[in-house]
Amino acid sequence: MSSMLLAAPAAEDTRAPLPGTGVAAVELARAAARARLRDAHALADPRADTWRYMPLRALESQALPAAPVPAGMPALEAVQGPRLVFADGHFIASASVLEGLPPGVRWLPLARMQAADWQRHARLLEREGEAAPDDWNLAYARGGCVLELADGAVCAQPLEIVHIAVSTGASAWHARSLVRLGRGARLCLRERLLGAGAGVASLRTCWQLGDGARLDLVQQQQAGPALRLLRRDRFTLAAGSLLRLHALELGAALSRHELAVRLDGTAAAVELRQLSVLDARQHAEQVLDVRHAVGDTRSDLRCRAVAAARARAVLHGAVRIEPGADGSDAALDTRNLLLSGQAEVDARPTMEILADEVRAAHGASVGQIDAGMLFYLRARGIPLAQARALLVAAHGRGLLADIGDARLRAGAEAALDARVAALE
Amino acid sequence: MLSIDNLHVRVAGKEILKGLSLTVGAGEVHAVMGPNGAGKSTLGYVLAGRDGYEVSAGTVHFEGRDLLAMEPEQRAAAGVFLAFQYPVEIPGVNNTYFLRAALNAQRRARGEDELDSVQFLRRVREKLKVLELPDALLQRGVNEGFSGGEKKRNEIFQMALLEPKLAILDETDSGLDIDALRQVAAGVNAQRAPGRSFIVITHYQRLLDYIRPDAVHVLAGGRIAASGGPELAHRLEAEGYAGLPTEAA
């Protein structure tokens, strides 16, 4: 087993106990996860299709203690709405705004959960995937929360969850969350990962959308250039529910983002807009696993990457239409921009169709900045570097146009523009 | 203002312009006509500085400066404007943002103060009226989803906003119905001024009914084959290009 996974923060329990310490069910689940880790032979099977591009050694060679409570952290901008802030996985009450939630909406950081809460949200104690990082996260997660919307609850003003990577030493931190939207509930949520911290982080979130629920989710990964990030989001969508997800991958030295979506009820729909902007030696992997479990469901997946310098962007995009899921409508489109001869994009969209009378389309393209567009801008007086930046930003900007909340849309566009302006 | 002398240009290894010479004075409107493949658009692209157009001989001076030594954006800031025959669509680049970036980049390059958003929008609204373009187009991506006529009017709108010294209109009349043609011509005529020159590249005499040129040139075989006044355009309309001399006039 790799030293990273065995770098169990044994001393952590006495210094700052993990949430749920002393709760039997939690202890049992963690013990089982640690046992599986001990028996594991590798972080992942490098021969497995979705791990083949991942530089596993960059993770396995690290011996990482748990990140301590941060002595300080960067200031966050003032926000209008409720917000939960975690620094290296530690819940930071002083930076969070817990109040102001609409009726029927409640959230609770793991750090404040009591035995009864763990019992009620036992889903948090299940693995989010089959790989060793899922056990790693289950065994040692400190950050994260439970967020619940009762049937019919509406949270139109955005909530925010912020994870900040602070420690610049070699350390690890983990967060896991459970988000449940009741029947007909509506939630607008932004998740950001910020900070210049290094080390390794893992995030695992289980999202459950009830009948007719709607989730507008904006994920902005803006970590510093030394973080290695393993992230997994698992969504289950009941009948008539809608997930609209905008995911920006802008930072981190190494990141892997697994998005598993199960369309479990008729007329459930997912609209994914995923954008990676990378340079230097950044390596970012998006792993999509979308399953149409029943008929008359819809998936509309659009992924774009910009790779400069020696960066590498990888997309494993798998859509499966299960037997009997007749009438499903699936589209997977990936368009990618290479800004240097040494950058690399590996786009692998796949569709497995096991039902009848479905609509399914996928496409992939990799290209360079359009010379005609570049000349048009320059012919109007815009200098070369600015013209290139405009076109690179434009490559992604189209994906952000349908973020419904104007403030979140502006925030995402600003994050994109700042990242493009800083490209090597 | 513009002096082109013995210009030879190759595109993808093939010589397109073969010794073209042309002089345009300040405030003059010169029409360049000619059959398909004569090199009319090549002339526009070379003057604007597009990559892939290799100048193998000749000189181009604009207000005494070596135009061919300048980058496209430097030419624009110096006052050269090309209205494209096929304006490209650039989804994701907002039209207003683009126009302000272009205008202020040119002003910066000339050492002038940039316009703030209030000053910029005031100028935009003035110019929009002339071209009868709806405000909504400003909120879309550059040329994104524009009709053919809207794209051409947008080109002339940009020209009005940027106020160049030399505007090259590359078949701005192609694809326009008669109403759109009148609007475009009105936009051009509104910009005529003693210090502003035009090269109007066109296939047909029709546009020149609305934009009255000082001189008409026929480009054939890679060089100016004939020059004259507006009556030359009428003659071409009646007789076609077949009877013209193939050597430079």
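To keep things clear, this report deals only with the structure shown in the data block. (Residues numbered from 1 in each chain as written. Chains lettered and ligands numbered in written order. Predicted model: local features only at pLDDT ≥ 70, side-chain atom pairs only at ≥ 80, totals over all residues. Heavy atoms only, no water.)

**Here's the deal with the overall build of chain A**
Quick note on the threshold: Numbering of helices and strands starts at the N terminus; helices are DSSP runs of H or I of at least 4 residues and strands are runs of E of at least 2. We compute the radius of gyration from the C-alpha atoms alone; for a globule the expected value is 2.2 Å times N to the 0.38, where N is the number of residues. In this scheme, a residue with accessible area under 20% of its type's maximum is buried, one over 50% is exposed, and one in between is partly exposed, where area comes from a 1.4 Å probe on protein chains only. Only the protein chains shown count as cover for residues, with accessible areas throughout obtained via the Shrake-Rupley method and a probe of 1.4 Å. For the charge count, each Lys or Arg is scored as positive and each Asp or Glu as negative, with His and the chain ends excluded. To locate a charge, take NZ of a lysine, CZ of an arginine, CG of an aspartate or CD of a glutamate.
Assigned secondary structure in chain A consists of 9 helices and 19 strands. A compact globule built from 424 residues should have a C-alpha radius of gyration of about 22 Å, and chain A, at 21 Å, falls within 12% of that. C-alpha atoms of chain A, sized along the principal axes, occupy 65 × 50 × 45 Å. Looking at the 424 residues of chain A, the share that counts as buried comes to 58%. Here chain A displays about 15700 Å² of accessible surface, and carbon together with sulfur accounts for 51% of that area. When the 49 positive and 47 negative side-chain charges of chain A are each reduced to one mean point, those points stand 4 Å apart.

**Focus on the overall build of chain B**
Across its full length, chain B holds 7 helices and 12 strands. Seen along its three principal axes, the alpha-carbon backbone of chain B occupies a region of about 55 × 40 × 35 Å. Looking at chain B as a whole, 55% of its 249 residues qualify as buried. Just so you have it, chain B exposes about 10300 Å², and 47% of that area is on carbon and sulfur atoms.

**Quick notes on a negative patch on the surface**
Residue and element names in this part refer to chain A. Condition: Patches here are clusters of residues that have more than 30% relative accessible area and form no salt bridge, with a 9 Å joining cutoff for like charges and a 5 Å cutoff for nonpolar side chains (Val, Leu, Ile, Met, Phe, Trp, Tyr). A side-chain nitrogen of Lys or Arg and a carboxyl oxygen of Asp or Glu constitute a salt bridge if their distance falls within 4 Å.
On the surface, D296, D326, D356 and E357 cluster together to form a negatively charged patch. If you trace the backbone, D326 turns up in the loop between strand 16 (312–321) and strand 17 (329–338). Take D326: its relative accessible area is 36%, and that puts it in the partly exposed class.

**Notes on the sheet that holds strand 19 (residues 359–367) of chain A**
Strand pairing in a sheet is mediated by backbone hydrogen bonds. Such pairs are either parallel or antiparallel. Residue and element names in this part refer to chain A. Our working rule: Here the rule is simple: two strands pair whenever DSSP picks up at least two bridges between them. Any two residues whose heavy atoms approach within 4.5 Å are treated as being in contact. Note on geometry: axes are C-alpha line fits, over the in-contact stretch for helices, and angles between N-to-C directions span 0 to 180 degrees.
With respect to topology, 10 strands assemble into an open sheet ordered 2-1-5-7-9-11-13-15-17-19, the strand pairing being mixed. Where the open sheet ends on each side, the last strands, each with one partner, are strand 2 (90–91) and strand 19. Direction of pairing for strand 1 (residues 83–87) relative to strand 2: antiparallel, over a ladder of 2 bridges. Bridge assignment links F86 to a residue of strand 2, and that residue is F91. The sheet strands contacting helix 8 (residues 384–400) are strand 11 (242–249), strand 13 (269–278), strand 15 (298–307) and strand 17, and the helix crosses strand 15 at an angle near 160°.

**Quick look at the interface of chain B and chain A**
How we decide: Defined in terms of a 1.4 Å probe, buried area is the accessible area two parts forfeit on being brought together, summed over both. Whenever a nitrogen or oxygen atom comes within 3.5 Å of another N or O atom, the pair is scored as a polar contact, on the condition that within protein one atom can donate a hydrogen and the other can accept it, and that pairs from neighbouring residues in sequence are kept only if both atoms are in side chains.
In this assembly, 32 residues from chain B lie in contact with 17 residues from chain A. Contact between chain B and chain A buries roughly 2000 Å² in total, counting both sides, with carbon and sulfur atoms accounting for 67%. If you sort the residues of chain B by the area they bury against chain A, E73, F84 and I90 of chain B come out on top, with a joint share of 25%. Linking chain B to chain A there are 3 salt bridges. Residues R378 of chain A and E71 of chain B are paired through a salt bridge, measuring 2.8 Å at the closest nitrogen-oxygen approach. Counting across the interface, chain B meets chain A through 10 residue pairs in polar contact (both at pLDDT 80 or more). Listed by contribution, the elements that provide at least two residues to the side of chain B that touches chain A are helix 1 (40–48), helix 2 (72–78), strand 6 (80–83), strand 7 (90–94), helix 3 (95–109) and helix 5 (148–162) of chain B.

**Topic: the sheet that holds strand 3 (residues 29–33) of chain B**
All names here are of chain B. If you trace the 6 strands from one edge of the open sheet to the other, you get 6-9-10-3-11-12, paired in mixed fashion. In this open sheet, the two edge strands, each paired with only one partner strand, are strand 6 and strand 12 (223–228). Between one strand axis and the next, the sheet turns through 20° on average, direction left out of account. In the sheet, strand 6 pairs with strand 9 (residues 166–170) via 4 bridges, with the strands oriented parallel. Each residue of the ladder has a partner; that of L82, found in strand 9, is I168.

**Concerning helix 3 of chain B**
Going by this rule: The length a helix should cover is 1.5 Å for every residue beyond the first.
For helix 3 of chain B, with 15 residues, the first-to-last C-alpha span of 21 Å sits near the 21 Å given by 1.5 Å per residue. A side-chain oxygen of the first residue of helix 3 of chain B lies 2.9 Å from the backbone nitrogen of T96 of chain B; this N-cap is N94 of chain B.

**Brief notes about the pairing of strand 8 (residues 200–209) of chain A**
Residues and elements named next belong to chain A. When you tally the buried positions in strand 8, you get 9 out of 10 residues, the bulk of the element. The sheet contact formed by strand 6 (residues 172–181) and strand 8 spans 10 bridges and is parallel. When the sheet's bridge partners are listed, R176 is paired in strand 8 with R204. In the sheet, strand 8 pairs with strand 10 (residues 228–237) via 10 bridges, with the strands oriented parallel. By the bridge assignment, W207 is partnered in strand 10 with F235.

**Remarks on the nonpolar core**
So the rule is basically this: Note on terminology: a nonpolar core comprises buried Ala, Val, Leu, Ile, Met, Phe, Trp, Tyr and Cys residues joined through side-chain atoms within 4.5 Å.
By size, the foremost hydrophobic cluster in this structure holds 106 residues, and its most contacted members are L2, I4, L20, L47, L169 and I199 of chain B. Not counting residues within four places of it along the chain, the set of residues in contact with I4 of chain B comprises L20, S21, L22, L43, L47, T59 and V60 of chain B. In terms of nonpolar packing, the next biggest core, distinct from the first, is built from 43 residues, C155, A213, L288 and A325 of chain A among them.

**As for unusual backbone geometry**
All names here are of chain B. Its identity is not glycine, yet N143 carries a phi of approximately 60°, on the positive side. According to the relative accessible area criterion, N143 is buried, its value standing at 0%. With phi around 50°, E163 is a residue other than glycine that occupies positive phi space. With respect to the helices and strands, the residue E163 is situated in the loop between helix 5 and strand 9.

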